[in-house]
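Analysis of the macromolecular model
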Amino acid sequence: MLDVKLLRSDLDAVVANLKKRGFDFPRAEYERLEAERKQVQVRTEQLQNERNTRSRSIGQAKARGEDIAPLLAEVGKLGDELKAAEARLDALQAELDDLLMRVPNLLHESVPVGADENDNIEIRRWGEPREFAFEPKDHVDLGSGLMDFDLAARLTGARFVTLKGPMARLHRALAQFMLDTHINEHGYEEVYVPYIVNRDSLLGTGQLPKFGEDLFRLEGEHEFYLIPTAEVPVTNFARDEILAAESLPRRYVAHTPCFRSEAGSYGKDTRGMIRQHQFDKVEMVQIVKPADSYAALEEMTGHAERILQLLGLPYRIVALCSGDIGFGAAKTHDLEVWLPGQGKYREISSVSNCEAFQARRMQARWRNPENGNRPEPVHTLNGSGVAVGRAMIAVIENYQQEDGSIVVPEVLRPYMGGIEKIPAAKA
RNA sequence: GGAGAGGUGCCGGAGUGGUCGAACGGGCCUGACUCGAAAUCAGGUGUACGCGCGAGCGUACCGUGGGUUCGAAUCCCACCCUCUCCGCCA
């Protein structure tokens, strides 16, 4: 949610900033609602004041043993008008709230302006894509037998996978390795969280009210959803909290499955494990003082990079442009890993600074000693560190041998019982 | 699933219809004392929103949502959550 004070003080700047995303701020509607809200709120509070004053004097008169009948008659007339005013104010506020909850975050000034992913700006590259002496296969061909999409389709449906034997173990090894690296080298606290969350959590991080169709909602009396990312439960740790300055920054890392309905992605990445309804991810979340959030963005990008470096996977970093950046982010870095099977870089991690956007939605605050210990919104960041399934794809494709076997990267061997190579799968 | 208890401010904990935004204690902040600290003493200390240049004034908030009433933390209804015991269970 945007800062309502900014909305009132500099609406032009807000509208212009959102325009860069291609978002049309509904200015006329907002101004109409806001004007009426102001007028109705003032009137409502006047009426409430009057009621309170009179009720108090009734109480006092009664205490003095006076006759309160005339006072009662007088105040009785207030009721209907007050009730109507309160109802109107509620309705207006609900409308305004709904409007504002659907407005994306403002972009940081450094975000490149562009229309779509083609306008993202490459910041740097690491590693050299390997020269193959043979035609590299993609992960589907390499994994056949140990990576079974048909079986998953029978168990569930399209866009699921089953892994077997060393492939399942490789998947687990990657998650363990990533967690350990973030815990031991990067100073994160490991957390285990619910994979099912309520509506408030999703409103807090911004998946709702606008993107409900991307979520899996559970049947039943509760409004529960499967998490689309650990960002949701973990960032909501701070919801409705006032954090002490000394307790910041908070750095959390969690390994969870993620569930996405992938509505609107029909026909996209249908082959293989790139885009699934269920995938695992190691997610980093930081809750920081506002002044520190851009340093934290760089730091977290580095933490994700470190994973790919240790795995020896070539990658590049891009700054998402204004047209490609997510709803809640002020600035986002994507890590794209080299996939020989596709001959291109593909997203494997996304690291975002949401500034106070989520914090305002979820009332996540801290006491700022430089401002008389007043509660102010914190800044929240999240980043994949990294997507486990895609990391597995990258390992398979980058470490493939001509015979179809896969060399296990050094850092994963301790997690694989010392196995150095996954033999070629029989079709 | 059954029975019972309970949800109040940063924390503990009073408060069962009227100057209650809320006693008291702790914590925290400021000041005094001190070379300094501790202890002690005095004062202060909720959040959000609205109006106002401002001092300030006003409104809302005692799990959530309704209701009763001139007036609700207090009464009624529904729901959510927590705890204890029993049952079941990984």
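Summary of the structure given here. A quick note: this is a predicted structure, and the numbers were derived from the prediction, not measured.

Bringing the packing of aromatic side chains into the picture now. This structure, assessed with the given rule, holds nine aromatic pairs. Plain terms: the ring middles of Trp126 and Tyr315 are 5.7 Å apart, the flat faces sit at 15 degrees to each other, and that makes the pair stacked. Linking Trp126 in strand β1 (residues 121-126) with Tyr315 in strand β10 (residues 315-319), this pair joins segments that are 189 residues apart in sequence. Residue Tyr315 is classed as buried on the basis of its relative accessible area, which comes to 0%. With 5.4 Å between their ring centres and 80 degrees between their planes, Phe132 and Phe134 make a pair best called edge-to-face. Feature note: the residues Phe211, Phe327 and Phe357 constitute an aromatic cluster, connected by ring pairs.

This brings us to the sheet that holds strand β8 (residues 250-259). One open sheet accounts for eight strands, arranged β1-β10-β11-β12-β15-β9-β8-β4; its pairing is mixed. What marks the edges here is a single partner per strand, and that holds for β1 and β4 (189-190). Looking at chain direction, strand β11 (residues 331-339) and strand β12 (residues 344-353) are connected through nine bridges and run antiparallel. Bridge pairing in β12 places Glu336 opposite Glu347.

Moving on to the protein's contact with RNA strand B. Surrounding RNA strand B, one finds 22 residues, the nearest of these being Arg8, Lys38, Gln48, Ser55 and Gln60. When atoms of RNA strand B within 4 Å of the protein are sorted by moiety, sugar and phosphate together comprise 66%. Residue Ser55 places a main-chain N or O atom 2.7 Å away from a base nitrogen belonging to RNA strand B. One nitrogen or oxygen atom from the side chain of Arg365 is found 3.2 Å from a sugar or linking oxygen belonging to RNA strand B. Put simply, the parts of the chain that give the surface near RNA strand B at least two residues each are α3 (27-63), α4 (69-76), β13 (365-368) and β14 (374-377).

As a further point, take the layout of surface pockets. Picture a little ball the size of a water molecule; that probe, rolled over the atoms, points out where space is still empty. The calculated volume of the second largest pocket comes to roughly 610 Å³. Taken together, 23 residues make up the lining of the second largest pocket; nearest its centre are Met1, Leu2, Asp3, Val4 and Arg360. Within the residue set of the lining of the second largest pocket, elements represented by two or more residues are α1 (4-9), α3, α5 (78-101), α12 (357-362) and β14. Residue composition of the lining of the second largest pocket, grouped by class: eleven nonpolar, three polar and nine charged.

It is the contact of α3 with α5, at a shortest axis distance of 8 Å, that shows an interaxial angle of 145 degrees. Seen from above, α3 lies across α5 with left-handed handedness. Of the residues contributing to the contact of α3 with α5, the split by class is twelve nonpolar, four polar and 13 charged.

With that settled, consider unusual backbone geometry. Omega for the bond connecting Leu208 with Pro209 falls within 30 degrees of zero, at 10 degrees, which places this linkage in the cis form. By the secondary structure assignment, Pro209 is in the loop between α9 (199-205) and β6 (224-226). In this chain, Leu248 is followed by Pro249 through a cis amide linkage whose omega measures -5 degrees. Positive phi, normally seen in glycine, also occurs at Glu262, with a value near 55 degrees. With respect to the helices, strands and loops of the structure, Glu262 is situated in the loop between β8 and β9 (278-288). When its relative accessible area of 15% is taken as the criterion, Glu262 is described as buried. The phi torsion at Glu355 lies on the positive side, around 45 degrees, for a residue other than glycine.

Parameters at a glance
- Along every chain, residues carry numbers that run from 1 in the direction the sequence is written.
- Lettering of chains starts at A and numbering of ligands starts at 1, both following the order in which they are written.
- Confidence filtering applies because this is a predicted model: local features only for residues at pLDDT of at least 70, side-chain atom pairs given and counted only at 80 or more, and all residues used for totals across whole chains, interfaces and linings.
- Note: side-chain values were computed over all heavy atoms of the structure, leaving out hydrogens and water.
- Only Phe, Tyr and Trp rings are paired, with Trp represented by its six-membered ring, and only when their centres lie within 6.5 Å; those with planes under 30 degrees apart are stacked, over 60 edge-to-face, the remainder tilted.
- Under the DSSP-based scheme used, a helix requires at least four consecutive residues in state H or I and a strand at least two consecutive residues in state E, with every element numbered from the N terminus.
- Relative accessibility decides the category of a residue: with a 1.4 Å probe and only protein chains considered, values under 20% of the type maximum give buried, values over 50% give exposed, and everything between is partly exposed.
- Whether two strands pair comes down to DSSP finding at least two bridges between them.
- Proximity is defined per residue: if any heavy atom of the residue lies within 4 Å of a molecule or strand, that residue is considered near it.
- N or O atoms within 3.5 Å of each other form a polar contact, as long as, within protein, one can give a hydrogen and the other can take it, and as long as residues adjacent in sequence are counted only when both atoms are side-chain atoms.
- Definitions used throughout: a 1 Å grid over protein atoms alone; a cavity as a set of points that fits a 1.4 Å probe which cannot get out; a pocket as an open set with protein on both sides within 12 Å along at least five of seven lines; a lining residue as one with an atom within 4 Å of a point.
- Grid points are joined across faces, edges and corners, and a volume is the space filled by probe spheres set on the points.
- Each residue gets one of three labels, nonpolar for Ala, Val, Leu, Ile, Met, Phe, Trp, Tyr, Cys and Pro, charged for Asp, Glu, Lys and Arg, and polar for the others, Gly among them.
- Inter-axis angles, ranging from 0 to 180 degrees, are taken between N-to-C directions of lines fitted to C-alpha atoms, where helices are fitted over the stretch in contact.
- If you view the pair so one helix is near and one far, a crossing is left-handed when the near helix is turned anticlockwise from the far one by less than a right angle, and right-handed when it is turned clockwise.

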